[in-house]
Amino acid sequence: MKLGINIDHIATLRNARKINEPDPLMALHILKEAGADQVTIHLREDRRHITDFDAKRICENSFLPVNMECSINPEIIDIICTLKPHRATLVPEKREEVTTEGGLDVIKFEKEIKNAIDKLHANDIEVSLFIDPDFEQIKKSAETGAEMIELHTGKYANMHLALNTNINHTPFNVFENMDRKTLKKELELELKLLKDATILGNELELEVAAGHGLNYQNVKPITDIKGIVELNIGHSIIANSVFLGLKQAIIQMRELINE
Ligand code: PXP
């Protein structure tokens, strides 16, 4: 299973001081040394973390494949086409969200997504669609010409967190107030859904990745799903690198995934 490291939050930390360190570019050789397979960055419309300058330098200098998350906004797609990452992962984007809250609605935005895919393919950029584990979305994704889907594991991660932390510890987690028995059952159902979604994706000849909210505590059941070929993990690894250093934080995740 491949491991992509999302380094957006190195830029988040830099931007908190509005100066030049830590520089996300400096993470690249550490990612490689620690056994990561890919660097993932999200050039958001509001440029809240990764900037155009970061994206340009990372695409020009990375010795690992670059997976660029982006919205389907045509202006952003045009920028991605000039940057030429190895892959673009199309995600939904809302200005007011803290992080990417749900999957892309491929049914609703089919035309816009197909236009984006055509432009990206014309520039030799592979495309992945970040979607919820929803069968109709997967079927529609297969019709768009995208090579890959990335299943949104955020709901699974939030349920896992609610089950394993004290009530009111994570106040924004909508599952905190669900009783534990129901929550346990819902968590199992969500895992089953991720498994079945992977099977369907593979049957439709889509490569299947997964990501969002994955951490050292919840990653194992996801790595056990046969057919998922790649995980993209950001927040937890960057958070742990504050204590462990980036290299060690990646090595620990790599070991869990390889087990
Ligand atoms: N995959 C996609 C498509 C994402 O949008 C994100 C968040 O930017 C991630 C993976 C990583 O999520 P997290 O930071 O929660 O690990």
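Note: the structure precedes this text.
Keep in mind the model is a prediction, meaning the values are calculated, not measured. (Residues numbered from 1 in each chain as written. Predicted model: local features only at pLDDT ≥ 70, side-chain atom pairs only at ≥ 80, totals over all residues. Heavy atoms only, no water.)

**Q** Whenever I open this one, the overall build of the protein chain confuses me. Can you help?
**A** Of the regular secondary structure elements, the protein chain holds 11 helices and 8 strands. Taken over C-alpha atoms, the radius of gyration comes to 18 Å for the protein chain, in line with the 18 Å a tight globule of 259 residues would show. Along the first, second and third principal axes, the C-alpha atoms of the protein chain reach 50 × 45 × 35 Å. Contacts in the protein chain between residues at least 24 apart in sequence constitute 66% of all its contacts with a sequence separation of at least 6. Accessible surface, the protein chain as shown: approximately 12800 Å² in total, 53% of it carbon and sulfur. Here the protein chain contributes 31 positive and 42 negative side-chain charges, whose respective centroids are spaced 3 Å apart. (Helix = DSSP H or I, 4+ residues; strand = E, 2+ residues; numbered from the N terminus. Rg over C-alpha atoms; globule rule 2.2 N^0.38 Å. Contact = heavy atoms within 4.5 Å. Areas by Shrake-Rupley, 256 points an atom, 1.4 Å probe, with all protein chains shown as cover. Lys, Arg positive; Asp, Glu negative; His and termini not counted. Charge placed at Lys NZ, Arg CZ, Asp CG, Glu CD.)

**Q** I keep staring at the packing of aromatic side chains and nothing clicks. Help me out?
**A** How two aromatic rings sit relative to each other is given by the distance of their centres and the angle of their planes. Here the structure, examined in full by the defined rule, presents 0 aromatic pairs. It is Arg57 that lies over the ring of Phe53; its NZ or CZ is 4.8 Å from the centre. (Phe/Tyr/Trp six-rings, centres within 6.5 Å; stacked < 30°, edge-to-face > 60°. Lys NZ or Arg CZ within 6 Å of the ring centre and 35° of its normal.)

**Q** Is there a simple way to think about the site of the ligand in this case?
**A** Close to the ligand lie 12 residues; Glu69, Glu150, Gly213, Gly234 and His235 are nearest. The separation between an oxygen atom of the ligand and a polar side-chain atom of Glu69 is 2.9 Å. For the ligand, an oxygen atom lies 2.9 Å from a polar atom in the backbone of His235. Considered on its own, the ligand offers 400 Å² of accessible surface; in the complex 94% of this is hidden by protein. Residue classes in the shell around the ligand are distributed as 3 nonpolar, 7 polar and 2 charged. (Near = heavy atom within 4 Å. Polar contact = N/O pair within 3.5 Å; in protein donor to acceptor, adjacent residues only side chain to side chain. Nonpolar A, V, L, I, M, F, W, Y, C, P; charged D, E, K, R; others polar.)

**Q** Honestly, the sheet that holds strand β2 (residues 38–42) in this entry has me stumped. Any pointers?
**A** Remark on secondary structure: sheet strands pair via backbone hydrogen bonds, oriented parallel or antiparallel. Spatially, β1-β2-β3-β4-β5-β6-β7-β8 is the arrangement adopted by the 8 strands of the closed barrel, whose pairing is parallel. With strand direction ignored, the average angle separating the axes of adjacent strands in the sheet is 25°. (Pairing = 2+ DSSP bridges. Axes fitted to C-alpha atoms, helices over the stretch in contact; angles between N-to-C directions.)

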